[in-house]
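Geometric and topological summary
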Amino acid sequence: MSYARILIDRTEGTELDYAIPDELQQRVEVGVRVRVPLRKAIVMGVVLSLHDKVAFSKVKKIIEVIDYRALCHEGEEGSGTLETSQERPLISPKIMKLAYWMADYYCTSLDAVLRSLVPTTIRNNSLTEKKVRMAILLKTPSPTFLHALGVRAPKQKALLELLLSSKEKMSAAKLLKQTKATGSSLHALVQEGWIFLKEESVSRDPFSHEELLPSPIPKLNSDQYRTVALINEELLRVVALEKKSEPFISLPFLLHGVTGSGKTEVYLRAMEKALALGKSVLILVPEIALTPQTVERFRARLEHTQEKKLIAVLHSHLSEGERHDEWLRLHRGEARIVIGARSAIFAPLQDLGLIIVDEEHETSYKQEETPRYHARDVAVMRARYEGAVLVLGSATPSIESMNNVHLGKYALLELPKRADHQRMPLVRVIDMRLQGRQQGADAILSFLLRQAIADRLERSEQVILFLNRRGFSSALLCPQCGTACSCPNCSLSLTFHRASQRLICHLCGHMEKPPTTCPSCHEAGILYSGVGTQRVEAAVQQAFPTARCFRIDADSMQRKGSYQETFDRFRKKQIDILIGTQMIAKGLDFPNVTLVGIINADTTLHAPDFRAGERTFQLLTQVAGRAGRGDREGEVMIQTYTPESPSIQFARHHDTSGFFEQEMALRQQFEYPPFQKMILIQLRGVDQEHVALHSATLRKNLRLALPDSINIGEAVPASLERAHGQYRFHIALHGPCSKAIKITMCKVIASYEFPSSVVITIDVDPQSLM
């Protein structure tokens, strides 16, 4: 008898041994999901390891393997048989190895990691394949027959002609819709033996309605050519070593290219090489808004000559059915390229040869709920385990990645010039302190920015206006007593949204009607203070009533497909002025945009976070890069109340190396990452005093257990002290946080008896200190 150690779902790490029945011996392996008995229930779990012996004499048996049923394809006669090549566990041995590393490095449970690897519908086998009734042409009608049929039954003729032109097969619903025929016409042709109707499984394709046009292949400049050659050389080396079964680790590439330098073309050439070598490709993008444009460009290059679709897409804006089908296409090997946001790093690609992380500096790659992993860092480990080449690309690389170049952990590739030989956009900094005195304290668009917009509209050029704050007004204030309308659940002011006429908390979602008088002193005349994208839109419409302006933010992009529709309209020049948040800050390529206006550069600059300067520099540089990407020179106008800020001045001069040197010196002086590791422990609960007491006690216990080389901050309220009705306290650890240090820390936390009202989380390498 053989045995399997199984991690039971949703039990915070319960591992139990089960016997493998004879009929399942060939199907139970590491990574397979199974159903097993647990007390009086039937539960699901994942096989972690296989054994010949167990410590107990009486062991329950595995009931069934559920992976293969989920991956079942119907045979020719609908038998539901499986092809041998499809019999793979949902979680491959290499991904399982990655899961163990994540649980260890991020101080979280293996169960939490495994839940994030596979979509819920796949894990629970809760969704079946979509069935569509297909119309199949059984015999080819002659021209004489079609002419006669057109006289007596023109709709039947239309049905047959459309089937003939569509390779003799089409869904019955689509056939009827395009010919405007009725079901009776179709069934008449079925009765006469011309058409056969059959139910078939089809994939729910998120891009099924898009027309695919071939994309021209641009000529590489010398910098691009050199970069592509180095990546391709590494791909060839990796494949050669793999064939010899020699151990190897490919050094990750950091591709630093200015905005508009042609990084995407470099990615495409590397992808073509990987595919030619029989390898698959994984591409991460930080924003869902970038996915449609990225997919469109890659499909146009790589799929227009292919009979099957090479590219699958994984992100949170897909329906459950679409995500289910795209994931299975990857698992079966039907798709060899995946493009997606953070969680796509776990895509079940076979023969993975190339991983590309675009805009690697983006904080959205860090997951802010358990498991709190960073997709860029997980990509580094997955490339190591898979023997794949990794390319991290950015116009503004993170300080951590640039430091890894200096340490020799990454190889640097540079694209210092724009691919089209255009100059970088001219950047002007507008001091809003002076504009405020001239135009009034409530100025949104400075005189210089208004004039620049008017010039672009007159020349039929397009404008992007950026503000990283949605809503209409960011606060409602009483001019008499100074009271601000705040969220009852969070330490945040409520934001006024004019379209819904509601005050909304952007953290917990609390909504209420705006008051007509002050809630504290009952005085009338509440002031709408602060600026959001809705207010910018109103100001633009008032200043330029004939301009076609559109806003893109989380409020306006809630409907599925709205990103793609908006970008298509903007590309077709149906929108003159695009107003948006960070969704429009990066990766988008519109040649007719010659002006970018940054409404307020200070929104991220003064955040209580040591990375505030870095994020401001990155955001300004990325937004500025949207201008002048065609044959006309671009211009960027940055409105700010702190024009002397180094982050703003370095961004103004496109000086990434200068900013890096200054920021590295500051980080080293104060022993911040990347010079020291950082772990953030958060305790939260509804009782403020209770949480404060347990935080202080835990901090004391940690100080007694950990060496003096670890700097442990005091237990203090978080910058955002209250969120979702819970008070939050932070304990920050700085130092050489080795594996031994983490083990000791976790033992201290595990031994502390927290009441059920206090929740603790551990964030390794935190990206937000709020």
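Please read all numbers here as calculations on a predicted model, not as lab measurements. (Residues numbered from 1 in each chain as written. Predicted model: local features only at pLDDT ≥ 70, side-chain atom pairs only at ≥ 80, totals over all residues. Heavy atoms only, no water.)

Regarding its fold elements, the chain presents 23 helices and 31 strands. For 770 residues, the compact-globule formula gives about 27 Å, and the C-alpha radius of gyration of the chain, at 29 Å, lands near that figure. Here the chain, with 770 residues, has 53% of them falling under the buried criterion. For the chain, the share of sequence-separated contacts (at least 6 apart) that also reach a separation of at least 24 residues comes to 73%. Counting only carbon and sulfur atoms, one obtains 51% of the accessible surface of the chain, whose full area is about 35,000 Å². Charged side chains in the chain number 97 positive and 87 negative. The centres of these two groups are separated by 2 Å. (Helix = DSSP H or I, 4+ residues; strand = E, 2+ residues; numbered from the N terminus. Rg over C-alpha atoms; globule rule 2.2 N^0.38 Å. Buried < 20%, exposed > 50% of the residue type's maximum accessible area, 1.4 Å probe, protein only. Contact = heavy atoms within 4.5 Å. Areas by Shrake-Rupley, 256 points an atom, 1.4 Å probe, with all protein chains shown as cover. Lys, Arg positive; Asp, Glu negative; His and termini not counted. Charge placed at Lys NZ, Arg CZ, Asp CG, Glu CD.)

So, on to helix α16 (residues 447-458). Here α16 is 12 residues long and its end C-alpha atoms lie 17 Å apart, about the 16 Å a rise of 1.5 Å per residue gives. Listing the buried residues of α16 in full gives Leu449, Ala452, Ile453 and Arg456. Angular distribution of buried residues about the axis of α16 spans 100 degrees; they occupy a single face of the element. More than 90 degrees from the buried face of α16, the exposed residues found are Phe447 and Glu458. Here the buried face of α16 lies against β16 (426-431), β17 (462-466), β24 (577-580), β25 (593-598) and β26 (635-640). (Expected span 1.5 Å × (residues − 1). Arc of directions from axis to C-beta.)

Attention now goes to the side chain of Thr642. Structurally, Thr642 is set in the loop between β26 and α20 (646-652). On the basis of relative accessibility, which here comes to 15%, the residue Thr642 falls in the buried class. A distance of 2.9 Å separates the side chain of Thr642 from the side chain of Asp602, its partner in a polar contact. Among residues more than four places away in sequence, those in contact with Thr642 are Asp602, Leu605, His606 and Ile648. (Polar contact = N/O pair within 3.5 Å; in protein donor to acceptor, adjacent residues only side chain to side chain.)

Looking now at the pattern of salt bridges. If you walk through the whole model with that rule in mind, you get 40 salt bridges. Taking the shortest distance from any N to any O, the salt bridge between Arg33 and Asp9 comes out at 2.8 Å. Linking Arg33 in strand β3 (residues 33-38) with Asp9 in the loop between β1 (2-8) and β2 (15-20), this pair joins segments that are 24 residues apart in sequence. Between Glu265 and Arg301 there is a salt bridge, with its nearest N and O atoms 2.7 Å apart. Note that Glu265 is positioned in helix α10 (residues 263-276) and Arg301 in helix α11 (residues 290-302), a separation of 36 residues in sequence. Since its relative accessible area comes to 6%, Arg301 is described here as buried. Shared partners join several salt bridges into a network, and the residues in it are Arg428, Arg456, Arg459, Glu461, Asp631, Arg632 and Glu635. (Salt bridge = Lys/Arg side-chain N within 4 Å of Asp/Glu carboxyl O.)

Turning our eyes to something else, we now look at helix α23 (residues 739-751). For an α-helix the count is 3.6 residues per turn, leaving residues at separations of three or four pointing the same way. Spanning 13 residues, α23 covers 18 Å between terminal C-alpha atoms, matching the ideal 18 Å at 1.5 Å per step. Along α23, the residues that are buried comprise Ile741, Lys742, Met745, Val748 and Ile749. Along the long axis of α23, the arc covered by the buried residues comes to 125 degrees, so they all point the same way. Residues of α23 that are exposed and angled more than 90 degrees away from the buried face: Lys739, Lys747, Ala750 and Ser751.

Okay, unusual backbone geometry next. The linkage connecting Thr370 with the following residue, Pro371, adopts the cis geometry, with an omega of -5 degrees. When you line up the elements, Pro371 lands in the loop between β13 (352-358) and α13 (375-386). In this structure, the amide linkage connecting Pro673 to the following residue, Pro674, adopts the cis form with an omega of 15 degrees. With respect to the element layout, Pro674 can be found in the loop between α21 (656-670) and β27 (677-685). Residues other than glycine seldom take positive phi values, yet Arg10 does so here, at roughly 55 degrees. Within the fold, Arg10 resides in the loop between β1 and β2. Given a relative accessible area of 62%, Arg10 falls into the exposed group. Positive phi, close to 55 degrees, is recorded for Glu671, a residue that is not glycine. Residue position: Glu671 is located in the loop between α21 and β27.

For the rest of this paragraph, the subject is the environment of Ala375. Tracing the chain through its elements places Ala375 in helix α13. C-alpha separation for the pair Ala375 and Ser364, spaced 11 residues apart in sequence, amounts to 8.9 Å. In contact with Ala375, other than residues within four places in its own chain, are Leu284, Arg342, Ile345 and Tyr365.

Okay, empty space enclosed by the protein next. By the definition in use, this model includes 6 cavities of 30 Å³ or more. Quantified by volume, the largest cavity comes out at close to 80 Å³. Forming the boundary of the largest cavity are His361, Thr363, His374, Arg376, Ser398, Glu400, Arg611, Glu614, Arg615, Gln618 and Gln767. Here the element with the most residues in the lining of the largest cavity is helix α19 (residues 612-624); it accounts for 3 residues. Of the residues that constitute the lining of the largest cavity, the class distribution is no nonpolar, 6 polar and 5 charged. (1 Å grid on protein atoms, 1.4 Å probe; cavity = no way out; pocket = protein on both sides within 12 Å on 5 of 7 lines; lining within 4 Å. Points joined across faces, edges and corners; volume = space filled by probe spheres on them. Nonpolar A, V, L, I, M, F, W, Y, C, P; charged D, E, K, R; others polar.)

Counting 76 residues, the largest nonpolar core has Leu114 and Ile681 as its most contacted members. Top element by residues in this core is helix α2 (residues 93-105). It accounts for 8 residues. Ignoring sequence-local partners within four residues, the contact set of Ile681 consists of Leu698, Leu702, Phe729, His730, Ile731, Leu733, Met745, Ile749, Ile760 and Thr761. (Core = buried A, V, L, I, M, F, W, Y, C linked by side-chain atoms within 4.5 Å.)

This next bit is on the environment of Arg123. In this structure, Arg123 sits in helix α4 (residues 120-123). The buried category is assigned to Arg123, whose relative accessible area is 6%. Along the backbone, Arg123 and Ser364 are 241 residues apart, and their C-alpha atoms lie at a distance of 25 Å.

Further remarks concern the environment of Phe472. On the secondary structure map, Phe472 appears in the loop between β17 and β18 (475-477). Under the relative-accessibility criterion, Phe472 is labelled buried at 13%. Dropping the residues within four chain positions of it, Phe472 is found in contact with Thr495, Phe496, His497, Arg498, Gly530, Val531, Gly532, Gln534, Arg535 and Ala538.

Let us now look at the confidence of the model for the chain. Summary statistics for the chain give a mean pLDDT of 88 and a share of 93% for residues scoring 70 or more. pLDDT under 50 marks residues 68-85. Its contacts with residues more than four places away, or in other chains, come to 37 contacts. (pLDDT = per-residue confidence, 0-100.)

Where helix α6 (residues 154-165) meets helix α8 (residues 183-191), the closest approach of the two axes is 9 Å, and the angle between their N-to-C directions is 70 degrees. Classified by the interaxial angle, the pair formed by α6 and α8 is roughly perpendicular. The element α6 and its partner α8 pack so that their crossing is right-handed. The segment α6 lies against α8, with Lys155, Gln156, Leu159 and Leu160 engaging Ser185, Leu186, Ala188 and Leu189. (Axes fitted to C-alpha atoms, helices over the stretch in contact; angles between N-to-C directions. Parallel < 35°, antiparallel > 145°, perpendicular 65-115°, else oblique. Left-handed = near helix turned anticlockwise from the far one by under 90°.)

Let us look at the packing of aromatic side chains. Following the criterion strictly, the structure yields 13 aromatic pairs and no others. When the ring of Tyr105 is compared with that of Tyr106, the centres are 4.9 Å apart and the planes differ by 85 degrees; the resulting orientation is edge-to-face. With respect to class, Tyr105 is no different from Tyr106; both count as buried. Feature note: the residues Trp101, Tyr105 and Tyr106 constitute an aromatic cluster, connected by ring pairs. Residue placement shows Lys139 over the ring face of Trp194; its charged tip is 4.6 Å from the ring centre. Above the plane of the ring of Tyr105 lies Lys742, whose end atom (NZ or CZ) is 3.5 Å from the centre. (Phe/Tyr/Trp six-rings, centres within 6.5 Å; stacked < 30°, edge-to-face > 60°. Lys NZ or Arg CZ within 6 Å of the ring centre and 35° of its normal.)

With that settled, the discussion passes to the sheet that holds β25. Pairing is parallel across the open sheet formed by 6 strands, whose spatial order is β16-β26-β25-β17-β24-β23. Either end of the sheet is taken by a strand with one partner, and the two such strands are β16 and β23 (549-552). When the angles between neighbouring strand axes are averaged without regard to direction, this sheet yields 15 degrees. Across 4 bridges, the pairing between β25 and β26 is parallel. By the bridge assignment, Val596 is partnered in β26 with Val636. (Pairing = 2+ DSSP bridges.)

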